[in-house]
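# A look at the structure
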Amino acid sequence: MGKPGGALRRTLVTGAVLLLVGLGVQVIPKLASPAHAGSITLCSGFSDCRSKGYSTGGYEKAWGNMYWRMYAGRNCTNYVAYKLIKTGLPNARPWSGEGNATNWGVALSRLTNRTPTVGSVAWWHSSHPSASRFGHVAIVERVGSDSITISESNYGSDLSWRRIGKGSVNYPTGFIHINDKGTPSSTKRLSVTKRPTVEGTAQVGKAVTVNTGSWSPNPNKIRYQWIVDKKPIPGATNKTFRIPGSLAGKQIAAVLTGTRDGYASAKTMSVIVPPIKQGTFKVLRQPTISGTQKVGSTVSVGGADYEPSAKIGEIRWYADKTLIARTKSRFLKVPASASGKRIGALVVGVQTGYKPKHSYAFATTLVGGGKAPQQPTEPTEPPSGTLAQTGAGFVKGGTRLGGLMQVDPGTFSEAVDISYQWTREGTPISGATTEKYRPTASDVGHRLSVTVVARSRSGETLSKTYGPSGRVRVKPRVNVVAADGSRQTKVDVRVTASGYTPTGSVTIVTNGDRKVTQALSGGSTSVTFVKLPPDEYVVKVYYRGDEVAYWASGGDWATVR
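Nothing here was measured: the structure is a model prediction, and the numbers come from that model.

### Some thoughts on the side chain of Thr102
Counting through the fold element by element, Thr102 comes out in helix α4 (residues 101–107). With relative accessibility at 11%, the residue Thr102 sits in the buried group. With near-sequence residues (within four places) excluded, Thr102 lies in contact with Trp123, Trp124, His125, Ser126, Phe134 and Gly135.

### Some thoughts on the pattern of salt bridges
Throughout the structure, instances matching the rule amount to 11 salt bridges. Close ionic contact of Arg424 with Asp443 constitutes a salt bridge, the shortest N to O distance being 2.6 Å. Placement of Arg424 in strand β30 (residues 416–424) and of Asp443 in the loop between β32 (436–437) and β33 (448–456) is noted, with a sequence separation of 19 residues between them. The class for Asp443 is buried, based on a relative accessible area of 0%. The structure contains a network of salt bridges with shared partners spanning Glu314, Arg316 and Arg326.

### Thoughts on the packing of aromatic side chains
Two aromatic rings are characterised by how far apart their centres lie and by the angle between their planes. Within the structure shown, the criterion is met by 13 aromatic pairs. With 5.6 Å between their ring centres and 25° between their planes, Trp422 and Tyr437 make a pair best called stacked. Here Tyr437 lies in strand β32 and Trp422 lies in strand β30, a separation of 15 residues in the sequence. One cation-aromatic arrangement involves Arg74 over Trp63; the distance from NZ or CZ to the ring centre is 4.6 Å.

### Re the sheet that holds strand β1 (residues 39–44)
Pairing in this open sheet of 7 strands is antiparallel, and the strands run β1-β6-β5-β4-β3-β7-β2 from one edge to the other. Edge positions in the sheet fall to β1 and β2 (112–113), since each of these pairs with one other strand and no more. Where strand β4 (residues 136–143) and strand β5 (residues 147–152) come together, 4 bridges link them in antiparallel fashion. Its bridge partner lying in β5, Val143 is registered against Ile148. Contacts from helix α3 (residues 76–86) reach β3 (121–124), β4 and β5, with the element oriented near 45° to β4.

### Considering the state of the cysteines
With the rule as written, the count across this model stands at 1 disulfide. Covalent S-S linkage joins Cys43 and Cys49, the inter-sulfur distance amounting to 2.0 Å. Where Cys43 bonds to Cys49 through sulfur, the torsion about that S-S bond is close to 85°, and the disulfide is right-handed. Cys49 matches Cys43 in its accessibility class, with the two residues each being buried.

Rules of the game
- Residues numbered from 1 in each chain as written.
- Predicted model: local features only at pLDDT ≥ 70, side-chain atom pairs only at ≥ 80, totals over all residues.
- Heavy atoms only, no water.
- Helix = DSSP H or I, 4+ residues; strand = E, 2+ residues; numbered from the N terminus.
- Buried < 20%, exposed > 50% of the residue type's maximum accessible area, 1.4 Å probe, protein only.
- Contact = heavy atoms within 4.5 Å.
- Salt bridge = Lys/Arg side-chain N within 4 Å of Asp/Glu carboxyl O.
- Phe/Tyr/Trp six-rings, centres within 6.5 Å; stacked < 30°, edge-to-face > 60°.
- Lys NZ or Arg CZ within 6 Å of the ring centre and 35° of its normal.
- Pairing = 2+ DSSP bridges.
- Axes fitted to C-alpha atoms, helices over the stretch in contact; angles between N-to-C directions.
- Disulfide = S-S within 2.5 Å.

Everything listed here is a matter of coordinates, which is why it stays silent on function.
Dropping the structure here:
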């Protein structure tokens, strides 16, 4: 049966190939004949290997499951991942990115050398003369003076054992030392099986503690470093961290570095703490008013004590319930309007990262003489003109097309009605008048802000604007058309995105050994691969992204005659 033609063929193959590559399956193994050039097959198939005394490792009952996110089934990557998990490693791929066999030694280059050891991974790069276009991996079972013995599972076959001579064309590209007993101490590495979490209240003045998570094997020592905005917090190197006021509204996490004798150190980051709330003061002692209570004299207020300590942010002076002055000065020259009234003062204690805290003082006599009525603990009626934000607001959520952004307006000194307006580069966005907003195609590449307006019952308003954000980003699509040809294939690439024309460059690869990087022009580019031997070629294209468009990839195949 010939291959499907036209757009249908490209759609089917592109989807299937990319799915298999992404999951790590070896699609079409092309290892040289087992009997060729010093490669001898010792057994082939589960039954044959068991009957000849070669272990199957229990894979005949396990191949239907996925290991390290490799494609389930009888194939090289899933088998090797299974065997390594059996040695005690977690079922979590120890690198990020492509799981295809040819990428193993690249992604784990720090663990790869030319020395075989029992339990190491034999690795063939796709450029190896005996490997498929997707590479190959196997487990080293024995190491002799002039040969190695491996167990492997090729795509569509059960299991086999082979002996490969060191001078053979089939000898591996290298050996990956992930968890083998012969691993040099400089290449053995700790792995994290459970991410650390943080306990405690995310509030200024409070302490949070990070647990160690789970490691394999357990480290002898763990070092701690708390970070904010991906940067270390100076001096924050203990398991427990007391949050200072400078971090109000920010998000922190802890980076843990584990060490163990004979192993390379490893790092992991804890879960990220929610935005830190402002701290709260406790008034230990109320202030007092001193000085002669008569018109024209100077009175003062002092003696307030807070925990933690605070400085004076503002003092509001009253004559009975009437506000007569707002100042940072502790002194007041008594005005004529205060005659016959009692002087009072509201002292606002402030500190970075803490909600302002009020304390109160009242004179014991009236201005001009006479004993004042029984002293209240605070004004009985909120003074006018004092609307303030007592807790910082913030915006959470990612700035990406279709993502959810949401603003927390913070808290205020009295009951308020709140309205919202989202803007794009300072221009109001029609209909975007709630606390939530999902960026549209019109926002892609632009910066967003949101203005929060609080209105008190007395009609006083307070406006806060949050932003601008980073540019709204978008996930692009990579469309690839590889044309059939004689000794060549022309590859046309177009990168598209909603509301944006991607810039930058793409890398075009065919069968792992022909590669070129091309700049995009208007989102498009093309390249022609020439002098190709007749074959079926898989073409993969990788777009690295720019400040607006994320990373993406695509592919096609072509027949070269």
